[in-house]
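# Geometric and topological summary
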Amino acid sequence: MEKSKNPERGLLETENASGVALLPLVLFLLLFLGTGIWLTRSGIDMAFYQLSAAVAILPAIIISIFLGKDTLNKKISVFLGGVGNINIITMCMIYLLAGAFASVAKSIGGVDATVNMGLAFIPPSYILPGLFIITAFVATAMGTSMGTIAAIAPIAAGIAEQTGMSTPMLMGTVLGGAMFGDNLSMISDTTIAATRTQGCELSDKFRMNLLIAAPAALVTIGLLLAFGGGAPDPQAGDWEFLRIIPYLLILGMAIAGVNVFVVLTVGILLCGGVGFICLDGYSLLIYSSDIYRGFTNMQEIFILSMMIGGLGELIRSQGGLQWMLEKVNALSKKLARGNRRLGGEFGISGLVALANVCTANNTVAIIISSRLAREIATESGVDPKRSASLLDIFSCIVQGLVPYAAQVLLAGSIAGISPVEVSLNNWYCVVLLFVSVGAVFAGWPKGNWRKERG
């Protein structure tokens, strides 16, 4: 139990480092992504919907359980410990509340009213950049990308339904804005984890991050203006202010930093109250049915998130993450060719990125790789605020691009599209990747590069 609660400690209490432990994850990706790509090339419609990720991961889990030297019962216990990890359970509860809120809000006409109000005031060419900026602002204030997506994604899905704009593009824009805010927020768990493990101040890490993330955000906004495309012929329908009140209040609560569970619960209650006032015949039974329908809409990502949590814990316990961290560290030193700073920064970035691929949780990835990252930073003279910034940025990039990450799954589920389509349209994280790699090569922004100690 202690291992599953403390990833950093658990990393040191694994079997010997083993690359074989990563094979189940590779199998899952080959099955899920490979099947979708193959069916796409074969001309099958909705190719990535044909094989559910929640089913594609089952062979990987079975193989992972039979790897390693522990008894079968112990490996099953490790898997169940990963399923029941507090981070996984938290995400699953957010899924349920977000699904219920989206379902009730749509049923009472809140989504349509909010969309129509937006279309009445925002020019078509500014819908995507405006959505990105609003999402980024809310996520920065709220400190959670999951809560932000839960609040704003239903509006984006409503815009797509009413205007004919690309649903994947809209959801990818929301995802990008949410990852921008989560990465920069002073109250985000990723920020707190990165600064505490690297030993730097929140404000110092924020300034370092901002100098990299802000240019990427500006480039993304420019791309959305130039190539995102507005609504073909947006027609703003009638809207009633009362039906918009739940959205306005939950956004205000989010910006004020209210707990995401409180925000979504209040949103569900407010939507129900508005429904009783505005809709004839709207009863408690209909209201309860709307809530339950929202729960069932989240069934696939609920199951997949638990499965990924269990698989990730098996991989960690069998030495897969330790093997990966050691190999990345060794490779970064070779590629740097004597440039200590460059080798150290690429090592830190690669460590957290690959840890995130394996865990699909940016906070856990930061904690897992933090100890070795701090050692690399000390050896290579990288300033703590620089290493904290790199940990947060590269975990954010991966979290916004892997199709089995919680944020991507939530956005796809709310819109009813494949998570692969959402991640492929997350322009911000792609731009941030190029900007960040360039920043590492250039050594910019300048941190205090410590002299090597004797």
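Thresholds, definitions, all that
Residues numbered from 1 in each chain as written. Predicted model: local features only at pLDDT ≥ 70, side-chain atom pairs only at ≥ 80, totals over all residues. Heavy atoms only, no water. Helix = DSSP H or I, 4+ residues; strand = E, 2+ residues; numbered from the N terminus. Rg over C-alpha atoms; globule rule 2.2 N^0.38 Å. Buried < 20%, exposed > 50% of the residue type's maximum accessible area, 1.4 Å probe, protein only. Areas by Shrake-Rupley, 256 points an atom, 1.4 Å probe, with all protein chains shown as cover. Lys, Arg positive; Asp, Glu negative; His and termini not counted. Charge placed at Lys NZ, Arg CZ, Asp CG, Glu CD. Expected span 1.5 Å × (residues − 1). Bend = angle between axes of the 7 residues up to and from the residue. Patch = residues over 30% accessible without salt bridge, like charges linked within 9 Å, V, L, I, M, F, W, Y side chains within 5 Å. Salt bridge = Lys/Arg side-chain N within 4 Å of Asp/Glu carboxyl O. Axes fitted to C-alpha atoms, helices over the stretch in contact; angles between N-to-C directions. Parallel < 35°, antiparallel > 145°, perpendicular 65-115°, else oblique. Left-handed = near helix turned anticlockwise from the far one by under 90°. Contact = heavy atoms within 4.5 Å. Nonpolar A, V, L, I, M, F, W, Y, C, P; charged D, E, K, R; others polar. Polar contact = N/O pair within 3.5 Å; in protein donor to acceptor, adjacent residues only side chain to side chain. Phe/Tyr/Trp six-rings, centres within 6.5 Å; stacked < 30°, edge-to-face > 60°. pLDDT = per-residue confidence, 0-100. Core = buried A, V, L, I, M, F, W, Y, C linked by side-chain atoms within 4.5 Å. Disulfide = S-S within 2.5 Å.

### As for the overall build of the protein
- On a plain count of helices and strands, the protein comes out with 23 helices and zero strands.
- What you see for the protein is a C-alpha radius of gyration of 22 Å, in line with the 22 Å of a compact globule of 454 residues.
- Its C-alpha atoms give the protein principal-axis dimensions of about 75 × 50 × 45 Å.
- Of all 454 residues assigned to the protein, the portion counted as buried reaches 55%.
- Split by element, the accessible area of the protein, about 19000 Å² in all, is 65% carbon and sulfur.
- Where the 28 positive side-chain charges of the protein centre and where its 27 negative ones centre are 13 Å apart.

### What about helix 21 (residues 406–415)?
- Taken across its ten residues, helix 21 has ten buried, putting it largely inside the fold.
- Those residues of helix 21 that fall on the buried side of the exposure criterion are A406, Q407, V408, L409, L410, A411, G412, S413, I414 and A415.
- Looking one or two residues beyond helix 21, the residue adopting positive phi is G416, at roughly 75°.

### Remarks on helix 9 (residues 145–163)
- End to end, helix 9 covers 26 Å across 19 residues, agreeing with the expected 27 Å (1.5 Å per residue, within 8%).
- The principal kink in helix 9, of about 35°, is found at I152, preceding the proline P154 by one to four residues.
- With 17 of 19 residues buried, helix 9 lies mostly within the body of the structure.

### Looking at a nonpolar patch on the surface
- Judged by side-chain polarity, I62, F66, L72, I76 and L80 come together as a nonpolar surface patch covering roughly 490 Å² of accessible area.
- Looking at which element gives the most residues to the nonpolar patch, the answer is helix 5 (residues 72–83), with three residues.
- Residue I76 is classed as partly exposed on the basis of its relative accessible area, which comes to 32%.

### Observations concerning the packing of helix 6 (residues 86–107) against helix 14 (residues 260–278)
- Relative to each other, helix 6 and helix 14 sit at 20°, their axes nearing to 9 Å. On the basis of their axis angle, the class for helix 6 and helix 14 is roughly parallel. In terms of crossing hand, the pair formed by helix 6 and helix 14 is left-handed. Between helix 6, through T90, M93, I94, L97, A98, A100, F101, V104 and A105, and helix 14, the contact on the second element is made entirely by V260, F261, L264, T265, G267, I268, C271 and G272.
- Its residues assigned to classes, the contact of helix 6 with helix 14 shows 13 nonpolar, four polar and no charged.

### So, the side chain of S145
- With respect to the secondary-structure elements, S145 resides in helix 9.
- Side-chain polar atoms of S145 contact the side chain of D182, separated by 3.2 Å.
- Residues contacting S145, with those up to four places away along its chain left out, are A178, M179, D182 and Q407.

### Notes on the packing of aromatic side chains
- The tally for this structure, following the rule as stated, stands at nine aromatic pairs.
- With a centroid separation of 5.7 Å and an interplanar angle of 50°, the aromatic rings of F132 and Y428 are classed as tilted. A residue pair is termed long-range when its members are at least 10 positions apart, and F132 in helix 8 (residues 127–142) and Y428 in helix 23 (residues 427–442) qualify at 296 residues. Y428 matches F132 in its accessibility class, with the two residues each being buried.
- Relative to Y287, the ring of F276 has its centre 5.7 Å away and its plane inclined at 75°; by these criteria the two rings are edge-to-face. Of the two residues, F276 is situated in helix 14 and Y287 in helix 15 (residues 284–297); the sequence distance between them amounts to eleven residues.

### A look at the confidence of the model for the protein
- Confidence in the prediction of the protein, expressed as mean pLDDT, is 83, and 91% of residues score 70 or more.
- Segment residues 1–14: pLDDT under 50, and 25 contacts once partners within four positions in sequence are set aside and those in other chains are kept.
- Counting interchain partners and residues more than four positions distant, the pLDDT-below-50 stretch residues 449–454 has twelve contacts.

### Brief notes about the pattern of salt bridges
- In this structure the tally under the stated criterion is nine salt bridges.
- D204 serves as the salt-bridge partner of R207, at 2.5 Å between the closest nitrogen and oxygen. In this pair, R207 and D204 are both assigned in helix 12 (residues 202–228), three residues apart and thus about one turn of the helix distant.
- Classification of D204 by relative accessible area gives partly exposed; the value is 26%.
- The salt bridge partner of E345 is R341, with a shortest N-O separation of 3.0 Å. Here R341 and E345 lie together in helix 18 (residues 340–359), a separation of four residues that amounts to about one turn. Just as E345 is buried, R341 falls in that class too.

### Focus: the nonpolar core
- Judged by nonpolar contacts, the single largest core of 135 residues is most densely connected at F28, Y95, L170, L410 and Y428.
- Contacts of L410, omitting those with residues within four sequence positions, involve Y95, A98, M146, I149, A150, M298 and I301.

### Overview of the state of the cysteines
- Scanning all chains against the criterion turns up zero disulfides.
- Take C271: it sits in no disulfide, and the sulfur closest to it among the cysteines is that of C278, at 11 Å.

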